[in-house]
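# Structure assessment
Chain by chain, the residues:
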Amino acid sequence: RMADCEARPWGGYDRAERVRLILGRSEVLDGDGDDGFAALTNVSDGCVALLQVSGNFMFDAADHRDFLGATLGAGIERKTVGDVLVQGERGAQILVTPTMATYLSTAMSSVRKVPVTATRCSLTELRVPPPRVDSFSSIEKSMRLDAVASAGFRMSRSKVSDLIGSGSVKVNWR
C-alpha cells in the first residue's frame, strides 16, 4: 500500500538542491540492513558519489556553468548529475550517481581549455560552502504583501504587484 511507503531525499549533504529520492517502507529504511537509508547514504558506496575535478584555474577562472557544461559535454544526461560545488581556483566537486562517477573519471579531460583530472572520492571529503545569509532591516508603512515583498526582494512595488497579479508570489505556499 502507498500509505506504508516513505520517501527520503538525499543529495550527498543535508542542504543539497538536487537530490535522489529513496522510497521504501519506514521499517526497512530505519533498519540496519543493506537496503536501509544508512546503507543507501553511505559515504563510500551509497546512491550518490563525489567526483573531485582538479585543475589549474588560477588564471582562467571557471564557474558553475563551465563545470556543468563539461560534465554534460561528456555525453550524459542532467538527471544523473547532482550539485556542482565550485572550489575556486582548485576546481570543483560534483555529486553524481556512482556509475557516472566511474565514467566521468575517464571521460572528463578538460573544463573549457584547462586540462583537469577527475577522481572519485569519499563523501567525507566533501567541502560544502556555508550558506549565504543576507540580513537587513526595513520599516514599511503597512504589512501589505507588495510592500513587504518589494523591501525583501529589493524591487519596485509596481514590479512586485505585477508578480503578485500573475500568481508568481505566494504566501504560505498558497
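A quick note: this is a predicted structure, and the numbers were derived from the prediction, not measured. (Residues numbered from 1 in each chain as written. Predicted model: local features only at pLDDT ≥ 70, side-chain atom pairs only at ≥ 80, totals over all residues. Heavy atoms only, no water.)

This next bit is on the overall build of the protein. Helix and strand counts for the protein come out as 6 helices and 7 strands. Taken over the C-alpha trace, the protein has a radius of gyration of 21 Å; the compact-globule value for 174 residues is 16 Å, which it surpasses by more than 25%. For the protein, the spread of C-alpha atoms along the three principal axes comes to 60 × 55 × 30 Å. Residue pairs at least 24 apart in sequence account for 57% of intrachain contacts in the protein once pairs closer than 6 positions are excluded. Each charge sign in the protein was given a centre, from 22 positive and 21 negative side chains, and these centres are 9 Å apart. (Helix = DSSP H or I, 4+ residues; strand = E, 2+ residues; numbered from the N terminus. Rg over C-alpha atoms; globule rule 2.2 N^0.38 Å. Contact = heavy atoms within 4.5 Å. Lys, Arg positive; Asp, Glu negative; His and termini not counted. Charge placed at Lys NZ, Arg CZ, Asp CG, Glu CD.)

Reading across the sheet, the 5 strands line up as β4-β5-β3-β7-β6 and stay open at both edges, with antiparallel pairing between neighbours. What marks the edges here is a single partner per strand, and that holds for β4 (81–86) and β6 (110–111). Alignment of β6 against strand β7 (residues 114–121), held across 2 bridges, turns out to be antiparallel. Bridge pairing in β7 links V111 to V114. Of the strands in this sheet, β3 (49–55), β4, β5 (91–96) and β6 are in contact with helix α3 (residues 64–72), which crosses β4 at around 140°. (Pairing = 2+ DSSP bridges. Axes fitted to C-alpha atoms, helices over the stretch in contact; angles between N-to-C directions.)

The next thing to look at is the side chain of T80. For T80, the location among the structural elements is in the loop between α3 and β4. Side-chain polar atoms of T80 contact the backbone oxygen of E77, separated by 2.8 Å. Excluding residues within four positions of it along the chain, T80 makes contact with V96, T97 and M100. (Polar contact = N/O pair within 3.5 Å; in protein donor to acceptor, adjacent residues only side chain to side chain.)

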